[in-house]
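So the chains spell out like this:
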Amino acid sequence: RSTIASLLVASIASNASPAVNAFAMSGLGWGPSPKHMASTTSRKATIDDTAECVKNVDLLSLDSIRSTLIRQEETIIFAAIERSQYRRNHIVYTSGGFGDLGVPLGAKAALQDGEEPLSFLEYICIGTEVLHCGVRRYTSPQEYPFFPKFLPDGPLPGLPELEYPVDLLSPIGDACHSNFNEILLDKYLKWVVPSISASGDDEQHGSTVLADIALLQALSKRAHFGKFVAESKYRSDPEEYQRLVDAGDADGVMELLTNAVVEARVLRRARIKASTYGREPLMTQLPIEKADQISDSANFVAAAAASAVASAFQMIDQSDDFQGKVDPAIVQDIYEKFVIPLTKDVEVDYLFRRCGRDPPSEYAPDRMSKDTLPDLREDFCITLPPV
């Protein structure tokens, strides 16, 4: 391990500054147009105006999309770590677990007669989405709400309209609006929560649902980003995708869009990141007493990176004796059995609609085409306290 760490220190330190500068200057933005953003003299002096000109074809390049998906991995893994610190707290997912809460302030729709009361998670999530809708979150082509019927008609009237690049996604067949959050939430409650959290109740109910919402939003963004992947792949071979869709060959579409090598790389990377982020760094690789001797920030970052990677290797080797914050094998399972399959379902649905055909029923937004995830909720086994 010390040899690996030493090599990493040498390699990262020798390239740290150029790499950081190159990364900062070469990223392609998926956000709105910066027309409403304030500019500063220093910004104008250091960034060429042409750096802001990004073409749609660049945003839809597979390299740009993969870079975005890689960055999303950190968000998902850290959110999973955050949720895993709390018990399952089944009461927060139970309809009426805290009595009839009504609907949050600002929600457009009310509960109809005969509808069950909202769970604590549903109540907080709807309130969060109402707020986020007001500040334009769901005008983004990569954001989808879990409870759209409760959302107001649009953003707050005083806010300027955000301009996103046009023609990123196709409006044909309403392909750009398919929302898979219903099945995502269902599988999250039945499989993800029991997989990453210990059974029982720790009374941290507010913190639990806030962690849930952060993880749900990250998973939703990742799954629906499959539409951008699908659009990019369609543009690379429109005739073949159209032929397969016209023939109703969903399996053929799935096979054409699948890249097994990339998927294997994603799984490996997710496990290594979970191993790295899920435990403390090996301080033997970065002695505290020597920290003040590392005057160059790039070398300090390199040493910290080497420590983190060495820690990850040790975690992988000791996977049968897991001692971190979240089991790396579970994170890999979440990607292999849930995130990647759901994302590919989104892609198939999008491609069928994009080519003018309704997708097969097994690719409807309320299900997974190949559902192998067990319902683990029977493991909760707690008694709900009186309300």
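Residues numbered from 1 in each chain as written. Predicted model: local features only at pLDDT ≥ 70, side-chain atom pairs only at ≥ 80, totals over all residues. Heavy atoms only, no water.

Enquirer: How should the confidence of the model for the protein chain be read in this particular structure?
Expert: For residues with low pLDDT, the predicted coordinates do not support detailed interpretation. Confidence in the prediction for the protein chain averages 80 pLDDT; 71% of positions are at 70 or higher. Predicted confidence for residues 1–29 stays below pLDDT 50, and this span has 26 contacts to residues more than four positions away or in other chains. Here residues 36–48 scores under 50 on pLDDT; set against residues more than four positions off or in separate chains, the count is six contacts. (pLDDT = per-residue confidence, 0-100. Contact = heavy atoms within 4.5 Å.)

Enquirer: So what exactly am I meant to see when it comes to helix α5 (residues 120–134) here?
Expert: Residues three or four positions apart in an α-helix share a direction because the helix packs 3.6 residues into each turn. The end-to-end C-alpha distance of α5 is 22 Å, a good match for the 21 Å that 15 residues give at a rise of 1.5 Å each. Restricting attention to buried positions, one finds in α5 the residues Leu121, Cys125, Ile126, Thr128, Glu129, Val130, Cys133 and Gly134. If you follow the buried residues of α5, they end up packed against α6 (181–196) and α7 (205–224). (Helix = DSSP H or I, 4+ residues; strand = E, 2+ residues; numbered from the N terminus. Expected span 1.5 Å × (residues − 1). Buried < 20%, exposed > 50% of the residue type's maximum accessible area, 1.4 Å probe, protein only.)

Enquirer: What should I look at first to understand the nonpolar core in this one?
Expert: Ranked by internal contacts, the top residues of the largest apolar core, which has 53 residues, are Leu184, Tyr188, Leu215, Leu219, Tyr335, Phe338 and Leu342. When contributions to this core are tallied by element, the ones reaching two or more residues are α4 (62–84), α5, α6, α7, α11 (260–277) and α13 (328–354). Here the element with the most residues in this core is α6; it accounts for nine residues. Not counting chain neighbours up to four residues away, the residues in contact with Tyr335 comprise Glu73, Ile76, Arg222, Val266, Leu267, Ala270, Ile340 and Pro341. Residues Leu69, Ala250, Met254 and Leu351 belong to the second largest nonpolar core, which totals 24 residues. (Core = buried A, V, L, I, M, F, W, Y, C linked by side-chain atoms within 4.5 Å.)

Enquirer: Which parts of the structure should I look at to understand unusual backbone geometry?
Expert: Negative phi is the rule for most residues except glycine; trans is the rule for most peptide bonds. Of note, the phi angle at Asp174 is positive, near 60°, even though the residue is not glycine. Judged by its relative accessible area of 43%, Asp174 falls in the partly exposed class. At Glu203, a position not held by glycine, the phi torsion is positive, near 65°. Along the polypeptide, Glu203 turns up in the loop between α6 and α7.

Enquirer: Would you mind showing me how to read the packing of aromatic side chains here?
Expert: Given two aromatic rings, their pairing is described by the distance between the two centres and the angle made by the two planes. This model, assessed by the stated rule, comprises three aromatic pairs. Aromatic pair Phe78 and Tyr277: ring centres 4.6 Å apart, planes at 15°, arrangement stacked. Residue Phe78 is located in helix α4, and its partner Tyr277 is located in helix α11; the two are separated by 199 residues in the primary sequence. Its relative accessible area of 23% is what places Tyr277 among the partly exposed residues. (Phe/Tyr/Trp six-rings, centres within 6.5 Å; stacked < 30°, edge-to-face > 60°.)

Enquirer: Explain the packing of helix α8 (residues 226–236) against helix α9 (residues 238–246) here, please?
Expert: Helices that pack against each other are described as a pair by the angle of their axes relative to one another and the distance between those axes. Contact geometry of α8 with α9 gives a least axis separation of 5 Å together with a crossing angle of 105°. The angle between α8 and α9 falls in the class roughly perpendicular. Contacts between α8 and α9 involve Lys233, Tyr234, Arg235 and Ser236 on the former and, on the latter, Pro238, Tyr241 and Gln242. Here the residues of the contact of α8 with α9 sort into three nonpolar, two polar and two charged. (Axes fitted to C-alpha atoms, helices over the stretch in contact; angles between N-to-C directions. Parallel < 35°, antiparallel > 145°, perpendicular 65-115°, else oblique. Nonpolar A, V, L, I, M, F, W, Y, C, P; charged D, E, K, R; others polar.)

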